[in-house]
Amino acid sequence: MIVLGIETSCDETSAGIVRGGFQVLSNVVASQANLHARYGGVVPEVASRKHLECMLPVMLEALETAGLTWRELDGLAVTNRPGLLGALLVGVSAAKALAYALNIPVTPVHHLKGHLYSTFLAAPDLTDQFPLLALIVSGGHTQIIRMDHHCDYRLLGTTRDDAAGEAFDKGARLLGLPYPGGPEVAALASQGDPSAVPMPRSYLGDTLDFSFSGVKTALRTFISRDKGQTRLADIAAGYQEAIVVMLTRTLHRAIQQTGIKTVCVCGGVAANSRLQEAMKAMTEKEGCRLVIPDSRLCTDNAAMIAAAGWYRLQHTAPAPLSFDTLAVSPLALATI
Ligand code: KG4
Ligand code: ZN
């Protein structure tokens, strides 16, 4: 089965084609990052308009790269939640129109489920490795999920305030770095000493929840009191280290509590090389298998949406074309 995935939940217009659930034939991503950089963050209305402009050319490029025609598609998968409502509507409307015109099934996909399935693209044999533990770290979410089967998710921990990516983006702004801040903080931090400026770490009792507001406030306070005496690279390295350690220790506790030895880290922040290093060291000590997709599959892309939609298209009746879009929705409450 060949599935075209469509992703427009935030500021990337993406179309990706996946065969048999795991083989990526194309994965075209048109990023709007430059467009939003001048505002220091994503402007929803601007994003929606840009999606409208890019949607068709991006889908045509995905078909061309895969060497396929519209008629060779067997199904469609589209992100319908969570995300910016106007942005989601562009992708969802395109998918519904195509499903109607081509007379093929379409399935709505929860964006976080897409991030989860980016790990199946990186390691298709995960499908025989349930149960899995997954840490999803993106710009809008930070969740630890236990996955017992393709349709069976349990939320073990989540952020009580900012998401990890949001902490990177807001920290970048405090450091005077442009949007999107995660890669900028990472690049600056790579030239700094992570122990020169220790930042606080928050753990929420026995829970597997996260909180990043404390470290963000600590960064703001440090910068305002320091008055430019400390190297920015050292501050960035200390800030990044605190986020990395909070994520790694909490996932470590989840491994110890559940005894699950197959561990995935996905979402945009999973592209962070210091986080990857720390996760590798921790999971090696615990004797776990760790899967982190390539950077291109960690950040928003439509191949992961096609992969996530494939299972449902194979195993359930087609969704009616009346399915909705929703701005906010945790994965554990997703209907799949
Ligand atoms: O998954 P994603 O592409 O979009 C959402 O679903 O939100 O994640 C985007 C987030 C942004 O906050 C971005 O700053 C962060 O991922 N990010 C990074 C890195 N690359 C992207 N954060 C830290 N280090 C990176 N190398
Ligand atoms: Zn995402």
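Structure: see above.
Notes on the structure in this doc start here. (Residues numbered from 1 in each chain as written. Chains lettered and ligands numbered in written order. Predicted model: local features only at pLDDT ≥ 70, side-chain atom pairs only at ≥ 80, totals over all residues. Heavy atoms only, no water.)

### What to know about the coordination of the zinc ion (ligand 2)
In step 1: Taken together, the protein ligands of the zinc ion (ligand 2) are H111 (NE2), H115 (NE2) and D300 (OD), with distances of 2.0 to 2.1 Å.
In step 2: Sequence spacing of the donor residues for the zinc ion (ligand 2), all on one chain, is H-x3-H-x184-D. Separated by four residues within a single helix, H111 and H115 lie in helix α4 (residues 111-122), roughly one turn from each other. A single burial state applies to H111 and to H115, both of which are buried. (Donors = N, O, S within 2.8 Å, 3.2 Å for Na, K, Ca; no water. Helix = DSSP H or I, 4+ residues; strand = E, 2+ residues; numbered from the N terminus. Buried < 20%, exposed > 50% of the residue type's maximum accessible area, 1.4 Å probe, protein only.)

### Notes on helix α11 (residues 303-315)
In step 1: Here α11 is 13 residues long and its end C-alpha atoms lie 19 Å apart, about the 18 Å a rise of 1.5 Å per residue gives.
In step 2: The axis of α11 is deflected most strongly, by about 25 degrees, at G309.
In step 3: Extensive coverage of α11 is indicated by the burial of eleven of its 13 residues.
In step 4: Inspection of α11 places A303, M304, I305, A306, A307, A308, G309, W310, Y311, R312 and L313 among the buried residues, and these make up the whole buried set. (Expected span 1.5 Å × (residues − 1). Bend = angle between axes of the 7 residues up to and from the residue.)

### Topic: the packing of aromatic side chains
In step 1: Considering all chains together, one arrives at four aromatic pairs under this definition.
In step 2: Their ring planes at 40 degrees and their centres at 6.2 Å tell us that F120 and F130 sit as a pair that is tilted. Here F130 lies in the loop between α4 and β6 (132-137) and F120 lies in helix α4, a separation of ten residues in the sequence. Across the pair, exposure class does not vary: F120 and F130 are buried alike.
In step 3: When the centroid spacing of 6.1 Å and the interplanar angle of 10 degrees are considered together, the rings of F210 and F212 count as stacked.
In step 4: Put simply, the rings of Y117, F120 and F130 pair up and form one aromatic cluster.
In step 5: Taking NZ or CZ as reference, K96 lies 4.6 Å from the ring centre of F323, over its face. (Phe/Tyr/Trp six-rings, centres within 6.5 Å; stacked < 30°, edge-to-face > 60°. Lys NZ or Arg CZ within 6 Å of the ring centre and 35° of its normal.)

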